[in-house]
Amino acid sequence: LSVRSLEPRWKTPYMQHWSLDWQQQLGRNTLFTVGYYGSKGTHLIGATELNEVRPGFAISLGATACAVGSSTTPTAPCQVAGTGFFSSAATAILDQIRPYRGYRSITMIQPRYNSNYHSLQVSAQHRFSGSSQVNLAYTWSKNLSDNQTDRSTAPQNTYDIRSDRGRAALDRKHVLSINYIYEIPYFKKQQGFEGKLLGGWQASGIVVYNTGRPFTVTTSSYDPAGLGFIPAAIAGGRPVLLCNPNVGGAGTQQQYFNTACFQTNPPSNSTNLNNVPGSSPRGVVNGPSLFRVDFKMTKNIRFGESINLQLFGEAFNVFNKTNFNTLSTNVTSASFGQVLTTRDPRQLQFGAKFNF
């Protein structure tokens, strides 16, 4: 099958950016900035499943629309109302009514997706004597898109891409960062043994807090709408959403979000299914937040005007706060709802630098 023959005429992807900020100096040593920053992406590239069947189309064709087995004469329904598809073998019957017959999954990168970003950004800096200072940066934002990535994900339903509109994969509502440098002001000249021992100390660090990224809950081997994505290269199904999964979850490693808010796959012999795509939206689960404190202590020892020995010790995630990272988000998995990985364990690092 020629990919070129399937490629429609699409417009060129482009991004628009705009911003407005206000900066104010408060006194001699404090600088404050607040601003609005936004952007809009149009015709962004992303993967699309070209060979899906329109939801409900297989049922609408009636009782004698598809051939079964080795027969070439249509004598059976392509899908019976109230039933679904639970395996690749069962889905094969839909190959007769796909847009490009004789093929199953066809993935194409197309510039047909959109995104937008809006944020309030605040920053502040205050300088003390010497090198001492403290800086703050805070962002309150929302980033929406109708496809998470440029080629590794695709909408569940090609015929309703707008239903996949949700939080972008990198969206974090709150991002706060504070960094500081404190130069201990005593014995700056480092004269004598006492000066060498007690002078030249400097403490610095970074404090970071981010709210969580979004996670999308999926399912496997279940296609009630007859879309035909079992199997598909990228596109896949979603379960039915029953409630808000961010309410009632334990927030623990064993169960981070409320798994009862997602309907599990019904038995394969079910006959009363609702023949529509899964209603769970993209990015419905708010992922784990991140909190980390990094600290560094530096000792500078001067020998004359141009020779300096620097000793330092660094601690990343100094309080050893466990930050959850990846979640299990497939309703068919035995670990559904659990935390799979953590990030940023405490690390200690020591070093020396000799400058001459």
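### What to know about the pattern of salt bridges
In the structure shown here, the tally under the stated rule is nine salt bridges. A salt bridge links Asp294 to Arg292; its shortest N-O distance comes to 3.0 Å. Since its relative accessible area comes to 9%, Asp294 is described here as buried. Relative accessible area serves as the criterion here: at 24%, Arg292 is assigned to the partly exposed category. Via salt bridges that share partners, Arg292, Asp294, Arg343 and Asp344 belong to a single interconnected network.

### What about the state of the cysteines?
All chains considered together, the criterion is met by two disulfides. The partner cysteine of Cys66 in its disulfide is Cys78, sulfur to sulfur 1.9 Å. Around the S-S axis, the bridge from Cys66 to Cys78 shows a dihedral of about 85 degrees and counts as right-handed. Here the residue Cys66 occupies a position in the loop between helix 2 (57-60) and helix 3 (88-91), and Cys78 occupies one in the loop between helix 2 and helix 3, the gap between them amounting to 12 residues. By relative accessible area, which is 0% here, Cys66 ends up buried.

### Concerning the environment of Asp171
Relative to the assigned elements, Asp171 resides in the loop between strand 5 (166-167) and strand 6 (174-183). Its relative accessible area of 3% is what places Asp171 among the buried residues. Along the chain, Asp171 and Ser70 lie 101 residues apart, while their C-alpha atoms are 50 Å from each other. In contact with Asp171, not counting residues within four places along its chain, are Ser141, Lys142, Asn143, Gly212, Arg213 and Pro214. Among the polar contacts made by the side chain of Asp171, one reaches the side chain of Arg167 at a distance of 2.7 Å.

### Some words on the packing of aromatic side chains
Inspection of every chain in the model, using the stated rule, returns six aromatic pairs. Between the aromatic rings of Tyr256 and Phe324, the centroid separation amounts to 6.2 Å while the plane-to-plane angle is 90 degrees, which identifies the pairing as edge-to-face. Of this pair, Tyr256 sits in the loop between strand 8 (214-215) and strand 9 (285-286) while Phe324 sits in strand 12 (residues 323-324); the two residues are 68 residues apart in sequence, bridging distant segments of the chain. Phe324 carries the same exposure label as Tyr256, and that label is buried. Ring-pair connections join several aromatic residues into one group, and the members of that group are Phe257, Phe262 and Phe336. Directly above the aromatic system of Phe312 lies the positively charged group of Lys296, at a separation of 4.9 Å from the ring centroid.

### A closer look at the side chain of Thr329
Tracing the chain through its elements places Thr329 in the loop between strand 12 and strand 13 (342-343). For Thr329, a relative accessible area of 15% corresponds to the buried category. Among the polar contacts listed, one links the side chain of Thr329 to the backbone oxygen of Thr216, at a separation of 3.3 Å. Ignoring sequence-local partners within four residues, the contact set of Thr329 consists of Phe215, Thr216, Val217, Thr218 and Phe336.

### Section: the pairing of strand 10 (residues 290-303)
Two elements, strand 7 (residues 201-210) and strand 10, share 10 bridges in a ladder whose sense is antiparallel. Residue pairing across strands places Gly205 opposite Phe295, the latter belonging to strand 10. Where strand 10 and strand 11 (residues 307-316) come together, nine bridges link them in antiparallel fashion. Following the sheet pairing, Thr298 is matched in strand 11 by Phe312. Count of turn residues in the strand 10/strand 11 antiparallel hairpin: three residues, of which Gly304 carries a positive phi of about 80 degrees.

### Thoughts on unusual backbone geometry
Cis rather than trans, the peptide bond between Ile230 and Pro231 has omega equal to -15 degrees. Its identity is not glycine, yet Asn320 carries a phi of approximately 55 degrees, on the positive side. Following the sequence through the fold, Asn320 ends up in the loop between strand 11 and strand 12.

### Description of the environment of Val318
On the secondary structure map, Val318 appears in the loop between strand 11 and strand 12. Here Val318 falls in the partly exposed class, since its relative accessible area comes to 25%. Sequence spacing of Val318 and Leu348 is 30 residues, and the spatial spacing of their C-alpha atoms is 8.2 Å. Among residues more than four places away in sequence, those in contact with Val318 are Val293 and Arg346.

Rules and cut-offs
- Residues numbered from 1 in each chain as written.
- Predicted model: local features only at pLDDT ≥ 70, side-chain atom pairs only at ≥ 80, totals over all residues.
- Heavy atoms only, no water.
- Salt bridge = Lys/Arg side-chain N within 4 Å of Asp/Glu carboxyl O.
- Buried < 20%, exposed > 50% of the residue type's maximum accessible area, 1.4 Å probe, protein only.
- Disulfide = S-S within 2.5 Å.
- Helix = DSSP H or I, 4+ residues; strand = E, 2+ residues; numbered from the N terminus.
- Contact = heavy atoms within 4.5 Å.
- Polar contact = N/O pair within 3.5 Å; in protein donor to acceptor, adjacent residues only side chain to side chain.
- Phe/Tyr/Trp six-rings, centres within 6.5 Å; stacked < 30°, edge-to-face > 60°.
- Lys NZ or Arg CZ within 6 Å of the ring centre and 35° of its normal.
- Pairing = 2+ DSSP bridges.

In short, geometric facts, not functional conclusions.
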